[in-house]
Amino acid sequence: MLKSIRAALAMSVITLTVFDASSAFAAPLKVVASFTIIADFARNVGGDRVSITTIVGPDGDAHVYEPSPADAVAMAKADVVLVNGLHFEGFLQRLVDASATKASIVTLTKGVTPIDFKPEFADADAAEGAGTGGGKTVTDPHAFQSIANARIYVKNIAEAFCAADSDGCVSYQTNAATYTKKLDALEGDVKEAIQSIPEAKRVVITSHDAFGYFEHAYGLTFLAPQGISTDSEPSAADVAKLVEQVKQDKAAAIFVENITNPRLIEQIASETGIKVGGTLYSDALSQPDGPASTYIDMMHNNIRQIKGAILGS
Amino acid sequence: MNTLYGLLIAPFADFAFMQRALFGSLMLSLGACPVGVFLMLRRMSLSGDAMAHAILPGAAAGFLLYGLEILPMTIGGLIAGVIVALGAGAVSRFTIQREDASMAAFYLISLAIGVLMVSIRGSSVDLMHVLFGTVLALNNEALTLIGGIVAVTLVSLVIFWRALVAECLDPLFLRSVSRMGSPVHFIFLGLVVLNLVGGFQALGTLLSVGLMMLPAAAARFWTVRVEPMCVLAVLIGFASCIAGLLLSYHASLPSGPAIILSAGVVYFASILFGSRGILRARIIHHRHRTA
């Protein structure tokens, strides 16, 4: 088994080197993207010149993904591997090691100003003298939730593609510039939508804390019972605090995300009488026929859901 | 008095989700703890764990086909669990192989099928989060389901009590005096599956085994008679649920592990201080020798 994998890997390296030597132009650049949002960026920058393999597919949770051999094969054959970084993809290092890939691993959050998870619950716990995790800060990896950061991702992708395929550099740069314009327009839409929400009502609840950058950039507060990753199980204290906050009319809407178990959110909603808004997309895009099949659609969908739920309640 | 109220009563009085968590987990203890006592007496304590694994693929299939609906996931889990329990039971009854070996074989096959199904479908939502319910998010459907399971369990236990006790203590004797032996064994395995399925709604599959086995194992250190042992196991289960939920509320700990660890504390205390525990046995033994 191990032998055959090694043989396959060796074969792929051989074939790739042959391709590189003879026809760099004819074969599309093989890009592996760790999850759907990065894949969408890469598609916009690369156009026809790249073929993209996405490891964690639509509606998948990259925090807890278990890679398959097919992923390792794609990784081994890749020219460029695009990853988010900031420990977003827990599985990634193992996969890179296992596949023995020669591709350059490009971390797209390079140049992003990382922010820490807000210690909202940790603070409250420390005040009660009950918390042990108070004061511990962890970097929030969901940088793509701010459109300003998305522009940095796009810039990094264009640079990585240029480095791997210098013939297509002009086309990559042009595509990136076009896409960045679209992102600018998107940012305008989002800011406008937030402006239309009264300041006191800009608080919503989601099932997992993935909107730190969105919050930071656009001034909307997100509360979450589950904390930093979908791995952790909520405690009764967390849920109780959320219920209190909703009852004191501090939160105006509650949302389910596409990648998490909705039971807990539904329970909080039924206890407080707050209405469950639509689905927010945080870490993964939807299926192609869904409401958030591209990054731009995702941001539009999220802001529309948030605005609708807050103003409707 | 006020602080005591704040510590013990207020969390349940103020929050409906805490009431549901308490109600659900207490009901679960009522059914699962006596079943755990019989499992332990039959020396099948580890089969509970194996059965919990066996349930996973069925529940996963239910989820993959119908989404996050309690009924398909429960029925799927039940079917998978019953197949494994009946298969393992049948092999041990009708061939020379013992139950532990056949159980291990069947549950491993079942688990492998489950992993295969999940992988083919591709890991979209992490199934563990779906299959491992949280006691804090019990909705009406889940409570009704647990209630039904508890009712069936208690009624079956009352009806088959004598046969079950005989089957646990001396299966060959029961088979020699009655034809009830094999049916009772299968009914009992059915009850195990039923309670594990109920538990996975509330605590998740693995932790539900904890609520089944730990109170039973702790009760064993206090009495030799089956009836008091069952009652004591249920009481220990109740205490663990209440303590675990309060711990989860006051110390912000995840609720499932908090409940099981509370039961674990009772277990260790029972080992040490139980009337059949280490310390007491030493003292009695010593006296006996000097007399």
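Bear in mind the structure is a predicted one, so any value in this text is a computation, not a measurement.

Helix and strand counts for chain B come out as 14 helices and zero strands. Counting from the amino terminus, helix and strand elements in chain B follow one another as α-α-α-α-α-α-α-α-α-α-α-α-α-α. For chain B, the residues scored as buried account for 47% of the 291 residues in total. Counting only contacts in chain B whose residues sit at least 6 apart along the sequence, the fraction spanning at least 24 positions is 72%.

A few words on the overall build of chain A. Counting its secondary structure elements, chain A contains eleven helices and eight strands. Looking at chain A as a whole, 48% of its 313 residues qualify as buried. Put simply, 63% of the contacts in chain A that link residues at least 6 apart link residues at least 24 apart.

In this section: the pairing of strand E1 (residues 29-35) of chain A. With six of its seven residues buried, E1(A) lies for the most part within the structure. The parallel pair E1(A) and strand E2 (residues 50-56) of chain A is bridged by helix H2 (residues 36-46) of chain A, and the resulting crossover is right-handed.

What follows concerns the domain arrangement of chain A. All names here are of chain A. Domain annotation of chain A identifies domain 1 (2-113 + 144-180) and domain 2 (189-312). In this assembly, 19 residues from domain 1 lie in contact with 20 residues from domain 2. Contributing elements (two or more residues each) for the side of domain 1 that touches domain 2: H2 and helix H6 (147-164). Tallied by class, residues from the side of domain 1 that touches domain 2 come to ten nonpolar, six polar and three charged.

Residues and elements named next belong to chain A. By the element assignment, asparagine 156 lies in helix H6. In this structure asparagine 156 comes out as buried when scored by C-beta crowding, with 22 C-beta atoms within 10 Å. In this structure, the C-alpha to C-alpha distance between asparagine 156 and valine 170, residues 14 residues apart in sequence, is 15 Å.

Here the focus is the packing of helix H2 (residues 16-41) of chain B against helix H7 (residues 140-159) of chain B. Residue and element names in this part refer to chain B. At a minimum axis separation of 9 Å, H2 and H7 run at an interaxial angle of 25°. When the axis of H2 is compared with that of H7, the two are roughly parallel. Between H2 and H7 lies a crossing of left-handed hand. Mapping the contact onto sequence places Arg20, Phe23, Gly24, Met27, Leu28, Leu30, Gly31, Pro34 and Val35 in H2 and Ala142, Leu143, Ile146, Gly147, Ile149, Val150, Thr153, Leu154 and Leu157 in H7. Among the residues forming the contact of H2 with H7, the class breakdown is 13 nonpolar, four polar and one charged.

Another point: the nonpolar core. Formed by 172 residues in total, the largest nonpolar core has its most connected members in Ala42(A), Val80(A), Leu82(A), Ile157(A), Val204(A), Met51(B) and Ile55(B). A per-element tally of this core places H2(B) first, with twelve residues.

All names here are of chain A. For the pair helix H3 (residues 69-77) and helix H4 (residues 92-99), interaxial distance at closest approach is 9 Å and the crossing angle is 65°. Classed by the angle they form, the pair H3 and H4 counts as roughly perpendicular. In the crossing of H3 with H4, the sense of the turn from one axis to the other is right-handed. On H4, the residues touching Asp71, Ala72, Met75 and Ala76 of H3 are Leu95, Val96, Ala98 and Ser99. Residue classes in the contact of H3 with H4 are distributed as six nonpolar, one polar and one charged.

So, about the environment of Ala33(A). Residue and element names in this part refer to chain A. By the secondary structure assignment, alanine 33 is in strand E1. Using a count of 26 C-beta atoms within 10 Å as the deciding quantity, one classes alanine 33 as buried. Sequence-wise, alanine 33 and alanine 78 are 45 residues apart; in three dimensions their C-alpha atoms are separated by 9.8 Å. The contact partners of alanine 33, leaving out residues within four places of it in the chain, are Ile38, Ala39, Ala42, Ile52, Thr54 and Leu82.

So, about the sheet that holds E2(A). All names here are of chain A. In space, the four strands of this open sheet follow the order E2-E1-E3-E4, with parallel pairing throughout. Strand pairing shows two members of the sheet lacking a second neighbour, E2 and strand E4 (104-107), which therefore form its edges. The mean inter-strand angle of the sheet, taken between neighbouring strand axes irrespective of direction, is 25°. Two elements, E1 and strand E3 (residues 80-83), share three bridges in a ladder whose sense is parallel. Among the inter-strand pairings, valine 32 is bridged to a residue of E3, identified as valine 81. Against the sheet, H2 contacts E1, E2 and E3, and its axis sits at roughly 150° relative to E1. Here H3 sits on the sheet and contacts E1, E2 and E3; the angle it forms with E1, its principal contact strand, is near 135°.

What follows deals with helix H13 (residues 255-273) of chain B. Since the α-helix packs 3.6 residues into each turn, any two residues three or four apart lie on the same face. An ideal rise of 1.5 Å per residue puts 27 Å on 19 residues; H13(B) measures up with 27 Å between its terminal C-alpha atoms. Of the residues making up H13(B), those classed as buried are Ser255(B), Gly256(B), Ala258(B), Ile259(B), Ile260(B), Ser262(B), Ala263(B), Val266(B), Tyr267(B) and Ser270(B).

Residue and element names in this part refer to chain B. Per-residue pLDDT for chain B has a mean of 83; in total, 89% of the residues score no lower than 70. Across chain B, helix H12 (residues 226-250) holds the top mean pLDDT of 93, while helix H6 (residues 127-131) sits lowest at 56. Across the interfaces of the predicted complex, the ipTM metric reaches 0.70, alongside a pTM of 0.71.

Residue His87(A) is not a glycine yet carries a positive backbone phi of 60°. By the C-beta count within 10 Å, which is 13 here, His87(A) ends up partly exposed.

Cut-offs applied
Residues numbered from 1 in each chain as written. Chains lettered and ligands numbered in written order. Predicted model: local features only at pLDDT ≥ 70, side-chain atom pairs only at ≥ 80, totals over all residues. Helix = DSSP H or I, 4+ residues; strand = E, 2+ residues; numbered from the N terminus. Buried ≥ 20, exposed ≤ 12 C-beta atoms within 10 Å, placed from the backbone. Contact = placed C-beta atoms within 7 Å. Right-handed = clockwise from strand over helix to strand, strands pointing away. Domains from an automatic or database assignment. Nonpolar A, V, L, I, M, F, W, Y, C, P; charged D, E, K, R; others polar. Axes fitted to C-alpha atoms, helices over the stretch in contact; angles between N-to-C directions. Parallel < 35°, antiparallel > 145°, perpendicular 65-115°, else oblique. Left-handed = near helix turned anticlockwise from the far one by under 90°. Core = buried A, V, L, I, M, F, W, Y, C linked by C-beta atoms within 7 Å. Pairing = 2+ DSSP bridges. Expected span 1.5 Å × (residues − 1). pLDDT = per-residue confidence, 0-100.

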